[in-house]
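Now for the letters of each chain:
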Amino acid sequence: MFLKNILVPLLYFGVEVSRVFGEEVEIRQVAADKGTNVTIPCGGLLVVPPTNVLWVHRGNRTHHEVLKDGSLFLKQVAVEDEGLYECGVENETAYSDRVNFTVRTEPPPLVNVTVHASTILAIILWNVAGDGGHPIVDFTAQYRSAAPVNDSLEPWRPISPNHISPNSRQIDVYHLDPNASYWFRVWANNVLGPGPPVEVLATTLYSDQEAELYKHFLEGAETFDTRTWVAAVCVVMGTLFVLAAGTCAVLCREWRRSDYNEDQDVIELVPNIILNPGFMESDPVRSREPYAASIIKSTECPGPGKPRRV
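Okay, so let's go over this structure. (Residues numbered from 1 in each chain as written. Predicted model: local features only at pLDDT ≥ 70, side-chain atom pairs only at ≥ 80, totals over all residues. Heavy atoms only, no water.)

### Quick look at unusual backbone geometry
With an omega dihedral of 0°, the bond running from Ser160 to Pro161 counts as a cis peptide bond. On the secondary structure map, Pro161 appears in the loop between β12 (157-158) and β13 (170-173). Look at Asn112: it is not a glycine, yet its phi comes out positive at around 55°. Following the sequence through the fold, Asn112 ends up in strand β9 (residues 111-117). Judged by its relative accessible area of 54%, Asn112 falls in the exposed class. The phi torsion at Asn150 lies on the positive side, around 55°, for a residue other than glycine. Among the residues examined, Asn150 registers a relative accessible area of 73% and is labelled exposed. (Helix = DSSP H or I, 4+ residues; strand = E, 2+ residues; numbered from the N terminus. Buried < 20%, exposed > 50% of the residue type's maximum accessible area, 1.4 Å probe, protein only.)

Have a look at this one:
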């Protein structure tokens, strides 16, 4: 018992001397998501159970709760809780454990966000400064007109696609109005949520294409003679009338020619029937018999007032 009371303090004193004059304690890395509760144990304590454990954050005594086992309890951690934590027994010259605590958050704001606008198209470009501790899932971009409507700005319009690839560093915006100002914003997203958006104001270029077109159409309007226009219209309408009349004449001529050909067939068929009564019987097509009979009848009895063809 006497030796125990003497050797244990001597051993403890030797460890403390080597801790002061030897190598520094290795810094451990601990990370947690924003808003969660974290417990950090104090490693390297020789006194069990630990008593009078002191935690220091950035050189000052921390206000967080120290548990009975000497662990440090952090409630709903935030970015302000990041940094180096050191623990040890109070009134000792060296620390037993050192912890670098990191808080994982949403992605930070994008950097180098610029907008290159043309007349009806704009290109948004950006760079990434970090991911907040979790990989970036995608990007989101929106735009809206800078001109107020009823003393208020219009709602933000989504830019397709809504979920931009995490490898992209630019997005095109279409269907803009020339010579108009727009607000553009873009941000990154990870599993913890969206990062803060970065807004940029840009103005599309002025398009003189319509002005040049109006100028071309209105060129010489002051010296334009309406009589020339009326004469041109009359010429066009006259041409259409002549074409319509010619078309009607051709159609009438073709109609009359078809009637004349039918009469010629009848005249040629009558003598053959009269001179050769068996003409129709030799014809294998029986469908001509009623037609021939009607022709003979018409030649025998032309009727009053109807001239007979010979």
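### Focus on the side chain of Asn190
By the element assignment, Asn190 lies in strand β14 (residues 181-190). A distance of 3.0 Å separates a polar side-chain atom of Asn190 from the backbone oxygen of Thr105. Within the structure, the side chain of Asn190 is placed 3.0 Å from the backbone nitrogen of Leu192, a separation counted as a polar contact. Residues in contact with Asn190, not counting those within four places in the same chain, are Thr105, Glu106, Pro107, Asp131, His134, Pro135, Ile136 and Val137. (Polar contact = N/O pair within 3.5 Å; in protein donor to acceptor, adjacent residues only side chain to side chain. Contact = heavy atoms within 4.5 Å.)

### Topic: the packing of aromatic side chains
Counted according to the given criterion, the structure contains five aromatic pairs. With a centroid separation of 6.2 Å and an interplanar angle of 75°, the aromatic rings of Tyr85 and Phe101 are classed as edge-to-face. Residue Tyr85 is found in strand β7 (residues 83-89), and its partner Phe101 is found in strand β8 (residues 97-104); the two are separated by 16 residues along the sequence. Each member of the pair, Tyr85 as well as Phe101, is classed as buried. Linked through ring pairs, Tyr143, Tyr182 and Phe184 together constitute an aromatic cluster. (Phe/Tyr/Trp six-rings, centres within 6.5 Å; stacked < 30°, edge-to-face > 60°.)

### Regarding the state of the cysteines
Counted under the stated rule, the structure contains one disulfide. Between the sulfur of Cys42 and that of Cys87 lies a disulfide, 1.9 Å long from S to S. Judged by the sign of its S-S torsion, about 90°, the bond between Cys42 and Cys87 is right-handed. Of this pair, Cys42 sits in the loop between β2 (38-40) and β3 (53-57) while Cys87 sits in strand β7; the two residues are 45 residues apart in sequence, bridging distant segments of the chain. For Cys42, a relative accessible area of 10% puts it in the buried group. Here Cys87 falls in the buried class, since its relative accessible area comes to 0%. Not part of a disulfide, Cys252 finds its nearest cysteine sulfur in Cys248, a span of 6.7 Å. Judged by its relative accessible area of 44%, Cys252 is partly exposed. (Disulfide = S-S within 2.5 Å.)

Any functional reading would require information beyond the geometric quantities listed.
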